[in-house]
Amino acid sequence: MPLIALTGGIASGKSTIAGRLAEHGAVVVDADRIVREVQSPGSPVLHRIAEEFGAAVIQDDGSLDRPALGALVFGDDAALARLNAIVHPAVKRESERRFTAALAADPSAVVVYDVPLLVEARVDDPWDLVVVADAPAAVRERRLIDLRGLEPEAARSRIASQVSDERRRAIADVIIDTSGTIEETERQTDDLWSRLRAEVRR
């Protein structure tokens, strides 16, 4: 079972790659979705977040007020580290449970972990392959403005808050250039899939 880590900066086209691999039959485990699940109302993780950051980060319905929490940790490395110390271990446990379940269901499955914060949190895990979705910051900034409605300053701030493109490229086994059309990204992803299936058949 190849275990693939797929990462990339914000608006890098990572979701396009993950979706294409899923179409081919890969089991895609979405780190962002797991984060939302482990922070669901009533969860131990949400309880610890409230203890650490105060009741103001919990909405009236018991769910996490993400903008309020984000305002507390954005630009504050110490606060972000405290949050990550709560969230990351829970996400790691749940993701590994899903990897194991996928292997049990199909020993020849290709499992893809779609994880934005690979460099920050999981770079030393035993991945068979690290795939990086790569597009210049200017391209990603334009996507954030055109497709997500961000103001230019907000788009630049979001990009600047993440690790550098150079650090992501440094850990990559495969780089998919996502600066062109969706079709070009999908063609590169198809080539990657062919390589992965060939390795499984060996």
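About the cut-offs
Residues numbered from 1 in each chain as written. Predicted model: local features only at pLDDT ≥ 70, side-chain atom pairs only at ≥ 80, totals over all residues. Heavy atoms only, no water. Helix = DSSP H or I, 4+ residues; strand = E, 2+ residues; numbered from the N terminus. Rg over C-alpha atoms; globule rule 2.2 N^0.38 Å. Buried < 20%, exposed > 50% of the residue type's maximum accessible area, 1.4 Å probe, protein only. Contact = heavy atoms within 4.5 Å. Areas by Shrake-Rupley, 256 points an atom, 1.4 Å probe, with all protein chains shown as cover. Lys, Arg positive; Asp, Glu negative; His and termini not counted. Charge placed at Lys NZ, Arg CZ, Asp CG, Glu CD. Pairing = 2+ DSSP bridges. Axes fitted to C-alpha atoms, helices over the stretch in contact; angles between N-to-C directions. Expected span 1.5 Å × (residues − 1). Bend = angle between axes of the 7 residues up to and from the residue. Polar contact = N/O pair within 3.5 Å; in protein donor to acceptor, adjacent residues only side chain to side chain. Phe/Tyr/Trp six-rings, centres within 6.5 Å; stacked < 30°, edge-to-face > 60°. pLDDT = per-residue confidence, 0-100. UniProt positions renumbered as here; feature names shortened; annotations may be inferred. Parallel < 35°, antiparallel > 145°, perpendicular 65-115°, else oblique. Left-handed = near helix turned anticlockwise from the far one by under 90°. Nonpolar A, V, L, I, M, F, W, Y, C, P; charged D, E, K, R; others polar.

**Q** Help me understand the overall build of the protein chain in this model?
**A** When you go through the protein chain residue by residue, the secondary structure sums to 10 helices and 5 strands. Whereas a compact globule of 202 residues would reach a radius of gyration of roughly 17 Å, the protein chain reaches 18 Å, a difference of no more than 12%. Burial analysis of the protein chain (202 residues in total) assigns 41% to the buried set. Sequence separation of at least 24 residues holds for 71% of the intrachain contacts in the protein chain that already meet a minimum separation of 6. Carbon and sulfur atoms form 51% of the exposed surface of the protein chain, whose accessible area is close to 10700 Å². Counting 26 positive and 34 negative side-chain charges, the protein chain places the averaged centre of each group 2 Å from the other.

**Q** What should I look at first to understand the sheet that holds strand 3 (residues 111-114) in this one?
**A** Two strands in a sheet stick together by hydrogen bonds in their backbones, pointing the same way (parallel) or opposite ways (antiparallel). Spatially, 2-3-1-4-5 is the arrangement adopted by the 5 strands of the open sheet, whose pairing is parallel. With partners counted over all chains shown, the strands left at the sheet margins are strand 2 (27-30) and strand 5 (174-177), one partner each. Taking the axes of each pair of neighbouring strands and ignoring which way they run, one obtains an average angle of 25° across the sheet. Where strand 1 (residues 3-8) and strand 3 come together, 4 bridges link them in parallel fashion.

**Q** Help me out: how do you make sense of helix 5 (residues 77-105) in this one?
**A** Along its 29 residues, helix 5 runs 40 Å from first to last C-alpha, staying within 8% of the 42 Å computed at 1.5 Å per residue. The principal kink in helix 5, of about 30°, is found at Asn-84. Looking only at helix 5, the buried set comprises Ala-79, Leu-83, Ile-86, Val-87, Ala-90, Val-91, Glu-94, Ser-95, Phe-99 and Ala-102. Capping the start of helix 5, Asp-76 holds a side-chain oxygen 3.2 Å from the backbone nitrogen of Ala-78, two or three residues further along.

**Q** Looking at this structure, I do not really get the packing of aromatic side chains. What am I missing?
**A** For any pair of aromatic rings, geometry is given as the distance between the ring centres together with the angle between the planes. The full count for this structure, using the stated rule, is 3 aromatic pairs. Ring geometry for Phe-99 and Tyr-113: centres 5.2 Å apart, planes at 80°, overall edge-to-face. Of this pair, Phe-99 sits in helix 5 while Tyr-113 sits in strand 3, and the two are 14 residues apart along the sequence. Both residues of the pair, Phe-99 and Tyr-113, belong to the buried class. Between the aromatic rings of Phe-99 and Trp-127, the centroid separation amounts to 6.1 Å while the plane-to-plane angle is 75°, which identifies the pairing as edge-to-face. Of the two residues, Phe-99 is situated in helix 5 and Trp-127 in the loop between helix 6 (118-122) and strand 4 (129-134); the sequence distance between them amounts to 28 residues. Each member of the pair, Phe-99 as well as Trp-127, carries the same accessibility label: buried. Ring pairing ties together the aromatic residues Phe-99, Tyr-113 and Trp-127, which thus form one cluster.

**Q** What is the right way to read the confidence of the model for the protein chain from this model?
**A** Caution applies to low-pLDDT parts of the model: their predicted coordinates are not meant to be read in detail. Residue-level pLDDT values for the protein chain average 93, and 99% of them are 70 or greater. Strand 5 holds the highest mean pLDDT among the elements of the protein chain, 98, whereas helix 6 holds the lowest, 88.

**Q** What am I meant to see in the environment of Glu-141 here?
**A** If you trace the backbone, Glu-141 turns up in helix 7 (residues 137-148). Not counting residues within four places of it along the chain, the set of residues in contact with Glu-141 comprises Pro-152, Ala-155, Arg-156 and Ile-159.

**Q** Help me out: how do you make sense of the UniProt feature "binding site: ATP" (unreviewed entry) in the protein chain in this one?
**A** Residues given the UniProt feature "binding site: ATP" (unreviewed entry) here are Ala-11, Ser-12, Gly-13, Lys-14, Ser-15 and Thr-16. The residue Ala-11 is located in the loop between strand 1 and helix 1 (14-24) in this model. A relative accessible area of 11% places Ala-11 in the buried class. With residues near it in sequence (within four places) discarded, Ala-11 still touches Arg-140, Arg-143, Leu-144 and Arg-148. With respect to the secondary-structure elements, Lys-14 resides in helix 1.

**Q** Looking at this model, I keep getting lost on helix 4 (residues 66-73). Mind explaining?
**A** Since the α-helix packs 3.6 residues into each turn, any two residues three or four apart lie on the same face. For helix 4, the side-chain oxygen to backbone nitrogen distance between the N-cap and Ala-68 is 3.1 Å, and the N-cap itself is Asp-65. One or two steps after helix 4, the chain reaches Gly-75, where phi turns positive at roughly 80°.

**Q** When you look at the packing of helix 7 against helix 8 (residues 152-160) in this model, what are you seeing that I'm missing?
**A** Two measures define how a pair of helices packs: the angle their axes make with one another and the distance between the axes. Look at helix 7 against helix 8: their axes get within 9 Å of each other, and the N-to-C directions meet at 130°. The angle between helix 7 and helix 8 falls in the class oblique. The interaxial crossing formed by helix 7 with helix 8 has right-handed handedness. Facing Ala-137, Arg-140, Glu-141, Leu-144 and Ile-145 of helix 7, the residues of helix 8 in contact are Pro-152, Ala-155, Arg-156 and Ile-159. When the residues that make up the contact of helix 7 with helix 8 are grouped by side-chain class, the tally is 6 nonpolar, no polar and 3 charged.

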